Amino acid sequence: DTAVSQTPKYLVTQMGNDKSIKCEQNLGHDTMYWYKQDSKKFLKIMFSYNNKELIINETVPNRFSPKSPDKAHLNLHINSLELGDSAVYFCASSQGSGGRPQHFGDGTRLSIL
Amino acid sequence: DQQVKQNSPSLSVQEGRISILNCDYTNSMFDYFLWYKKYPAEGPTFLISISSIKDKNEDGRFTVFLNKSAKHLSLHIVPSQPGDSAVYFCAARGLQGAQKLVFGQGTRLTINP
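Counting from 1, residues in each chain are numbered in the order their sequence is written. Written order determines the labels here, with chains lettered from A and ligands numbered from 1. The model is predicted, so local features are restricted to residues of pLDDT at least 70 and side-chain atom pairs to those at 80 or more, both for listing and for counting; the totals for chains, interfaces and linings are taken over all residues. Each side-chain value is worked out from all heavy atoms of the structure, with water and hydrogens disregarded.

(A) Summary view of the overall build of chain B. Scanning chain B for helices and strands turns up zero helices and eleven strands. Think of it this way: any DSSP run of H or I at least four residues long counts as a helix, any run of E at least two long counts as a strand, and we number them from the N terminus. Order of helices (α) and strands (β) in chain B, N terminus to C terminus: β-β-β-β-β-β-β-β-β-β-β. Taking 13 Å as the expected radius of gyration for a compact globule of 113 residues, we find that chain B reaches 13 Å, a close match to that expectation. Its C-alpha atoms give chain B principal-axis dimensions of about 40 × 30 × 20 Å. For chain B, the proportion of its 113 residues judged to be buried stands at 45%. For chain B, contacts bridging at least 24 residues in sequence account for 56% of all contacts bridging at least 6. To measure how exposed things are, a 1.4 Å probe is used in the Shrake-Rupley method; for residues, cover is taken only from the protein chains shown. Counting every atom, chain B has about 5500 Å² of accessible surface; 49% of that belongs to carbon and sulfur. When charges are counted, neither His nor the chain ends are considered; positive counts come from Lys and Arg and negative counts from Asp and Glu. Taken as the charge centre is NZ of Lys, CZ of Arg, CG of Asp or CD of Glu, depending on the residue. The distance from the centre of the 12 positive side-chain charges to the centre of the 9 negative ones in chain B is 3 Å. Here the globule rule reads 2.2 Å times residues to the power 0.38, and the radius of gyration is calculated from C-alpha atoms. Exposure classes here rest on a 1.4 Å probe applied to the protein chains alone. A residue is buried below 20% of its type maximum, exposed above 50%, and partly exposed in between. In what follows, residue pairs with any heavy atoms lying within 4.5 Å of each other are defined as contacts.

Below, the structure written as structure tokens:
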């Protein structure tokens, strides 16, 4: 009965590869988010979708592309992985946007070799 | 330019005593503030929030205080329990209707028996 689930939990890969992280929520929320937690522990928003429409697109390299096939899913695809992409990526969801309390997944730890 | 700062990376408190976690912000347009709690290998979970029109909000053992003139908020936990040991993040929302939250870097709270 996990509310926000992300797969995989861990991802170890080589520089230059392409990888995807999947996220699904069963809360019936209409807004989903991707955050990156870097080595300094700051949680920074990358993208947000509301009813499958992109509403937040922070300054993120073009190598990162979110995709929302429906309002319960938000996937993150990363091309040409770089060392600096190593981080923990969190998916979250909320009902509506506007900073309402967001429910987070448990994170995906991405390590680039 | 980090707009939300938690200047104490860690805090250690005796069980049963009060824990006070602090957060400072720089943007006077923030109008809604939240506290999240995070256990290792899990996502942040929402704890308590406060609107800028209030200066205090209480929920059981947790109270958040907001001092707008000082651009400062604090989370009080009384009495502290071992299960409160976690990383606490404060977050702020921008203008009414703005979609994104800005997070601080977290404070690791340890409750000692």
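(B) Seen up close, the state of the cysteines. Two cysteine sulfur atoms form a disulfide, by the criterion used here, when they sit within 2.5 Å. Tallied over the full model, the rule gives two disulfides over all chains. What pairs with Cys23 of chain A in a disulfide is Cys91 of chain A, and their sulfur atoms sit 1.8 Å apart. On the sign convention where negative is left-handed, the bridge of Cys23 of chain A and Cys91 of chain A, at about -80° about the S-S bond, is left-handed. Of the two residues, Cys23 of chain A sits in strand S3 (residues 19–25) while Cys91 of chain A sits in strand S9 (residues 87–94), which places them 68 residues apart along the sequence. The exposure class assigned to Cys91 of chain A is buried, which follows from its relative accessible area of 0%. Residue pairing for Cys23 of chain B: its cysteine sulfur links by disulfide to Cys90 of chain B, the two sulfurs lying 1.7 Å apart. You can see Cys23 of chain B sitting in strand S3 (residues 19–25) and its partner Cys90 of chain B sitting in strand S9 (residues 86–93), a full 67 residues away along the chain. Residue Cys23 of chain B shares its accessibility class with Cys90 of chain B, and that shared class is buried.

(C) Summary view of the nonpolar core. In this text, buried Ala, Val, Leu, Ile, Met, Phe, Trp, Tyr and Cys residues form a nonpolar core when linked through side-chain atoms within 4.5 Å. Ranked by internal contacts, the top residues of the largest apolar core, which has 24 residues, are Val4, Phe33, Trp35, Leu73, Leu75 and Tyr88 of chain B. At the level of secondary structure, the elements contributing two or more residues to this core comprise S3, strand S4 (32–38), strand S5 (45–51), strand S7 (62–67), strand S8 (72–77), S9 and strand S11 (107–112) of chain B. It is S9 of chain B that contributes the most residues to this core, four residues altogether. Excluding anything up to four places from it in sequence, Leu73 of chain B contacts Leu21, Asn22, Cys23, Tyr25, Phe33, Trp35, Val64, Phe65 and Leu66 of chain B. Residues Cys23, Tyr49, Leu76 and Tyr89 of chain A belong to the second largest nonpolar core, which totals 20 residues.

(D) Highlighting the environment of Gln3 of chain B. Residues and elements named next belong to chain B. By the element assignment, Gln3 lies in the segment before strand S1 (4–5). When the C-alpha atoms of Gln3 and Tyr39 are compared, they prove to be 24 Å apart, with 36 residues separating the residues in sequence. Contacts of Gln3, omitting those with residues within four sequence positions, involve Asp24, Tyr25, Thr26, Asn27, Phe30 and Val102. Polar side-chain contacts of Gln3 include one of 3.0 Å to the side chain of Asn27. A 3.5 Å cut-off defines polar contacts: any pair of N or O atoms within that distance qualifies, except that in protein one atom must be a possible hydrogen donor and the other a possible acceptor, and neighbouring residues in sequence count only when both atoms are side-chain atoms.

(E) Quick peek at the packing of aromatic side chains. Centres within 6.5 Å make a pair out of two Phe, Tyr or Trp rings, where for Trp the six-membered ring is used; the pair is then stacked when the planes are under 30 degrees apart, edge-to-face when over 60, and tilted otherwise. As enumerated under the stated definition, the model contains 13 aromatic pairs over all chains in all. Seen in terms of ring centroids, Tyr35 of chain A and Phe103 of chain B are 5.5 Å apart; in terms of plane orientation they differ by 90°. Their pairing is edge-to-face. Note that Tyr35 of chain A is positioned in strand S4 (residues 31–37) and Phe103 of chain B in strand S10 (residues 101–103), a pairing that runs across two chains. Consider the rings of Tyr36 of chain B and Phe46 of chain B, whose centres lie 5.9 Å apart with planes at 70°: the pair is edge-to-face. Highlighted residues: Tyr36 of chain B in strand S4 and Phe46 of chain B in strand S5, separated in sequence by ten residues.

Geometry only, nothing functional implied.
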